[in-house]
Amino acid sequence: MHVDQWPIDAACPPWCNGSHDHLEAHGASHRSDPRSVPAVERRHGTDGLAFDHVAAGDLTVGVESRWGDTWVWISPEDNVRRGLVLSKESAHRLARMLVALFEERLL
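Computed from a predicted structure; not experimentally measured.

1. Some thoughts on the overall build of the protein
Phase 1 of the analysis: Secondary structure summary: the protein contains 1 helix and 6 strands in total.
Phase 2 of the analysis: Secondary structure of the protein in N-to-C order comes out as β-β-β-β-β-β-α.
Phase 3 of the analysis: Across the 107 residues that make up the protein, the buried fraction comes to 24%.
Phase 4 of the analysis: Considering only residue pairs separated by 6 or more positions, the protein has 31% of its internal contacts joining residues 24 or more positions apart.
Phase 5 of the analysis: By element, 58% of the accessible surface of the protein is carried by carbon and sulfur atoms, the whole surface being about 7,800 Å².

2. A look at helix 1 (residues 88-103)
Note that an α-helix has 3.6 residues per turn; residues three or four places apart therefore point the same way.
Phase 1 of the analysis: Here helix 1 spans 23 Å end to end across 16 residues, near enough to the 22 Å set by a 1.5 Å rise per residue.
Phase 2 of the analysis: Following helix 1 by one or two positions, Arg105 adopts a phi angle in the positive range, close to 60°.

3. Regarding the pattern of salt bridges
Phase 1 of the analysis: Inspection of every chain in the model, using the stated rule, returns 2 salt bridges.
Phase 2 of the analysis: A salt bridge links Arg31 to Glu64; the nearest nitrogen and oxygen atoms lie 3.7 Å apart. Taken together, the residues Arg31 in strand 2 (residues 27-31) and Glu64 in strand 4 (residues 51-66) connect sequence positions 33 residues apart.
Phase 3 of the analysis: A relative accessible area of 22% means that Arg31 is categorised as partly exposed.
Phase 4 of the analysis: Under the relative-accessibility criterion, Glu64 is labelled buried at 11%.
Phase 5 of the analysis: We note a salt bridge from Glu41 to Arg82, for which the minimum N-O separation is 3.0 Å.

4. Section: the confidence of the model for the protein
Phase 1 of the analysis: Here the protein shows a mean pLDDT of 81. Residues at 70 or above account for 82%.
Phase 2 of the analysis: Summarising per-element confidence for the protein, the mean pLDDT is lowest in strand 1 (residues 20-23) (62) and highest in helix 1 (95).

The rules behind the values
- Residues numbered from 1 in each chain as written.
- Predicted model: local features only at pLDDT ≥ 70, side-chain atom pairs only at ≥ 80, totals over all residues.
- Heavy atoms only, no water.
- Helix = DSSP H or I, 4+ residues; strand = E, 2+ residues; numbered from the N terminus.
- Buried < 20%, exposed > 50% of the residue type's maximum accessible area, 1.4 Å probe, protein only.
- Contact = heavy atoms within 4.5 Å.
- Areas by Shrake-Rupley, 256 points an atom, 1.4 Å probe, with all protein chains shown as cover.
- Expected span 1.5 Å × (residues − 1).
- Salt bridge = Lys/Arg side-chain N within 4 Å of Asp/Glu carboxyl O.
- pLDDT = per-residue confidence, 0-100.

Dropping the structure here:
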């Protein structure tokens, strides 16, 4: 992968908020400020299978550079474990697909 990466010994990227994890032998992990997106989602019910209720909340979105690669994370504000951490390229593909679905009036 290593596309548009930040070298381990480089200064912070322009989007870095200055909050770092220092990883042994791997330099620093750079993070952007999180951004919130209001969202409504269908959630699993108590059986863990059926989507039986709707919940409103925020999605948290941000950028991180770790081990030389740039990642995009998306997670519900109340449950980071249900989130996604995508490569920059995968996040671009997802964004293009969502735009295409709206342009085709499927959404």
